[in-house]
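A structural walkthrough
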Amino acid sequence: MLSAGAAAGGRLYAERRPTAAEQAGAVRLPRPDSPAPPLPDGVELDVEGVAPFYTPVADFYTVHTALAVPQVDAGRWRLRVHGRGVRPREYTYAQLLERSDLMERDITLACVSNPVGGDLVGNARWIGVPLAALLREAGVRAPGAGGPADQLVARSEDGMTIGTPVEDLLDGRDALLALGMNGRPLTAEHGFPARMVVPGLYGYVSACKWITEMELTTFAAFDAYWVPRGWSERGPVKTQSRIDTPRAGASVGAGTVPVAGVAWAQNTGVSAVEVRVDDGPWLPARLAAEDTADTWRQWVLEWTARPGRHRLRVRARDRDGRWQTAQEAPPAPDGASGHHTVEVTVT
Ligand SMILES: Nc1nc2c(c(=O)[nH]1)N[C@H]1C(S)=C(S)[C@@H](COP(=O)(O)O)O[C@H]1N2
Ligand SMILES: [Mo]
């Protein structure tokens with residue numbers, strides 16, 4: 001037994017499974033059939049200290065319960081689609097990469113745990129299979145069209161379950177089974193070989209990484225991982241804005257000071273951002289060009305700063321005319337709200 005074990009151990013070492021990074025390094029992402037719409041000029045305002053329009057993968061926040069990042073063997077990996085009202089299907093990684101309907105989109109991803117002003121949010125260019133196409137080819141119909149399932153439960157290699165409204169996946173938004181991020185295959189941290197990304201839904205109800213299974217079921221029949229832990233069954237992303245510069249507690253010289261940051265109102269887009277200094281009037285900020293309704297937007301206000309301590313706050317309006325709420329709420333159960341506020345000293 002001992003020698004057999006040693007021999008098996010030796011062979012295992014020699015045939016060590018490649019890491020996700022090694023596997024991803026050998027993958028060539030195909031050209032998307034539906035490329036991202038051309039990026040307009042001026043999505044970057046070129047103000048020092050503002051989050052870049054695209055978050056580099058190395059700086060993109062990561063949130064997961066897995067203690068060790070799963071290293072999935074893409075050759076053996078399968079995605080299984082099954083459940084109520086479904087003709088069961090199974091896909092290999094190679095089949096997904098070879099599809100003729102790959103779509104590339106810029107989508108901002110936000111975590112429900114992000115506090116107001118926090119950095120658990122990022123923007124990336126994703127490439128993947130349109131989830132609506134994948135679901136339709138398995139015969140899935142939206143509940144509004146008589147489909148028997150209102151929840152898609154995604155399961156992952158590491159046992160996570162994430163529940164997404166089927167209605168949202170089939171309402172025309174650019175929901176993706178993503179294979180790539182910022183022009184490269186997914187990294188292990190961000191879900192190699194495949195993960196979901198759904199514009200307008202917090203990650204905990206949409207963005208399953210290391211996905212292996214999609215089960216069509218109902219909200220009544222199944223609670224996904226975070227639901228019994230006190231988080232809302234549904235998690236649409238709340239309209240938010242953030243001041244990136246000046247930083248809270250900063251000292252700045254009197255004169256013209258750019259107050260700038262990012263704002264997001266997914267599915268409709270941001271139509272206005274305003275800044276308030278102390279108890280003064282709300283002042284309109286200048287918005288950077290809009291990429292799409294699903295991406296964040298930079299903004300800047302040239303503030304004439306006078307000496308003393310000042311409080312700066314920001315708010316954004318979506319394209320349906322709704323201002324972000326001033327009502328302060330913590331992240332649990334369905335996302336933080338309130339105006340991001342920073343105090344600065346002008347000398
Ligand atoms: N398998 C798995 N997928 C997951 C999670 C997880 O814990 N396990 N966390 C989710 C949460 S809460 C968020 S906000 C996003 C974060 O994606 P990112 O780490 O690529 O930024 O992944 C989602 N997908
Ligand atoms: Mo999250």
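An unreviewed UniProt entry annotates the protein chain as DMSO/TMAO reductase YedYZ molybdopterin-dependent catalytic subunit originating from Streptomonospora nanhaiensis.

**As for the overall build of the protein chain**
Scanning the protein chain for helices and strands turns up 5 helices and 19 strands. Each principal axis of the C-alpha atoms in the protein chain carries an extent, and together these give about 75 × 55 × 40 Å. Residues counted as buried form 51% of the 347 residues belonging to the protein chain. A fraction of 74% describes how many contacts in the protein chain between residues 6 or more apart in sequence connect residues 24 or more apart. Summed over its atoms, the accessible surface of the protein chain is roughly 15,600 Å², and 51% of this surface lies on carbon and sulfur atoms. With 37 positive and 41 negative side-chain charges, the protein chain shows a spacing of 2 Å between the two charge centroids.

**Remarks on the nonpolar core**
In this structure, W126, L177, I211 and M214 are the most contacted members of the largest nonpolar core, which totals 78 residues. Examining the composition of this core, we find that 5 residues originate from one element, strand β7 (residues 176-181), more than from any other. Filtering out sequence-adjacent residues up to four positions away, L177 remains in contact with L79, L96, I127, G128, V129, L131, L134, A194, R195, M196, I211 and M214. If you look at the next biggest cluster of nonpolar residues, it comprises 21 residues, including V252, V257, V270 and W299.

**Focus: the pattern of salt bridges**
This structure, assessed with the given rule, holds 19 salt bridges. For E137, the salt bridge goes to R89, with nearest N and O atoms at 3.8 Å. Remark: R89 occurs in strand β2 (residues 89-92) and E137 occurs in helix α4 (residues 131-137); sequence separation between them is 48 residues. Where E290 meets R319, a salt bridge forms, and the shortest distance between an N and an O atom there is 3.3 Å. With a gap of 29 residues between them, E290 in the loop between β16 (286-287) and β17 (297-305) and R319 in the loop between β18 (308-318) and β19 (341-346) connect regions that are remote in the sequence.

**Some details on the side chain of H190**
By the secondary structure assignment, H190 is in the loop between β8 (184-185) and β9 (195-197). Using a relative accessible area of 4% as the deciding quantity, one classes H190 as buried. Every residue in contact with H190, bar those within four places of it in the chain, is listed here: V57, F60, Y61, T62, M181, R195 and K209.

**Some remarks on the site of ligand 1**
Residues in contact with ligand 1 amount to 20 residues; listed here are only the nearest, Y61, T65, H190, R195 and K209. For ligand 1, the protein covers 98% of the area, taking 540 Å² as the surface of the free molecule. For the shell around ligand 1, a count of residues per class yields 11 nonpolar, 6 polar and 3 charged.

**Focus: the domain arrangement of the protein chain**
A common way to report how large an interface is uses the accessible area buried once the components associate. Each assigned domain of the protein chain is listed with its residue range as follows: domain 1 (21-229) and domain 2 (240-346). Each of domain 1 and domain 2 was reduced to a C-alpha centroid, and the two centroids are 28 Å apart. If you look at the interface, domain 1 gives 37 residues, while domain 2 gives 33 residues. Counting the surface lost from both domain 1 and domain 2, the interface buries some 2,600 Å², and carbon and sulfur atoms represent 59% of this. Linking domain 1 to domain 2 there are 0 salt bridges. Linking domain 1 with domain 2 are 11 residue pairs in polar contact (both at pLDDT 80 or more), by the criterion used here.

**Notes on the sheet that holds strand β12 (residues 251-252)**
An order of β12-β19-β18-β14-β15 is seen for the 5 strands of this open sheet, with the pairing classed as mixed. The open sheet is flanked by β12 and β15 (282-284), the only strands paired with a single partner.

**Overview of the sheet that holds strand β10 (residues 211-217)**
On the basis of which strands lie adjacent, the open sheet formed by 5 strands has the order β2-β1-β10-β5-β6 and mixed pairing. In the strand order of this sheet, the two ends are held by β2 and β6 (161-165), each with one partner. Averaged over neighbouring strand pairs, the angle between their axes works out to 15° when direction is ignored.

**Quick word on the confidence of the model for the protein chain**
The predicted coordinates should not be examined in detail at positions where pLDDT is low. Confidence in the prediction for the protein chain averages 95 pLDDT; 96% of positions are at 70 or higher. A low-confidence stretch, residues 1-10 stays under pLDDT 50, and its non-local contacts, those more than four residues away or across chains, total 0 contacts.

**Overview of the side chain of Q240**
As for its placement among the helices and strands, Q240 is situated in strand β11 (residues 240-245). Polar contacts involving the side chain of Q240 include one to the main-chain carbonyl oxygen of G338, which spans 3.4 Å. Apart from residues no more than four positions distant in its own chain, Q240 is found in contact with V116, A263, W264, A316, Q324, A336, S337 and G338.

**Some thoughts on unusual backbone geometry**
Note: most peptide bonds trans; most residues except glycine with negative phi. In this structure, the amide linkage connecting F192 to the following residue, P193, adopts the cis form with an omega of 10°. Along the chain, P193 falls in the loop between β8 and β9. Cis geometry marks the peptide bond from T245 to P246, where omega comes out at -5°. Examined against the element boundaries, P246 turns out to sit in the loop between β11 and β12. Located in the positive-phi region is W210, a residue other than glycine, with phi close to 50°. Residue placement: W210 occurs in the loop between β9 and β10. Judged by its relative accessible area of 2%, W210 is buried. Even without being a glycine, D278 presents a positive backbone phi close to 50°.

Parameters and conventions
Residues numbered from 1 in each chain as written. Chains lettered and ligands numbered in written order. Predicted model: local features only at pLDDT ≥ 70, side-chain atom pairs only at ≥ 80, totals over all residues. Heavy atoms only, no water. Helix = DSSP H or I, 4+ residues; strand = E, 2+ residues; numbered from the N terminus. Buried < 20%, exposed > 50% of the residue type's maximum accessible area, 1.4 Å probe, protein only. Contact = heavy atoms within 4.5 Å. Areas by Shrake-Rupley, 256 points an atom, 1.4 Å probe, with all protein chains shown as cover. Lys, Arg positive; Asp, Glu negative; His and termini not counted. Charge placed at Lys NZ, Arg CZ, Asp CG, Glu CD. Core = buried A, V, L, I, M, F, W, Y, C linked by side-chain atoms within 4.5 Å. Salt bridge = Lys/Arg side-chain N within 4 Å of Asp/Glu carboxyl O. Near = heavy atom within 4 Å. Nonpolar A, V, L, I, M, F, W, Y, C, P; charged D, E, K, R; others polar. Domains from an automatic or database assignment. Buried area = accessible area lost by both parts, 1.4 Å probe. Polar contact = N/O pair within 3.5 Å; in protein donor to acceptor, adjacent residues only side chain to side chain. Pairing = 2+ DSSP bridges. Axes fitted to C-alpha atoms, helices over the stretch in contact; angles between N-to-C directions. pLDDT = per-residue confidence, 0-100.

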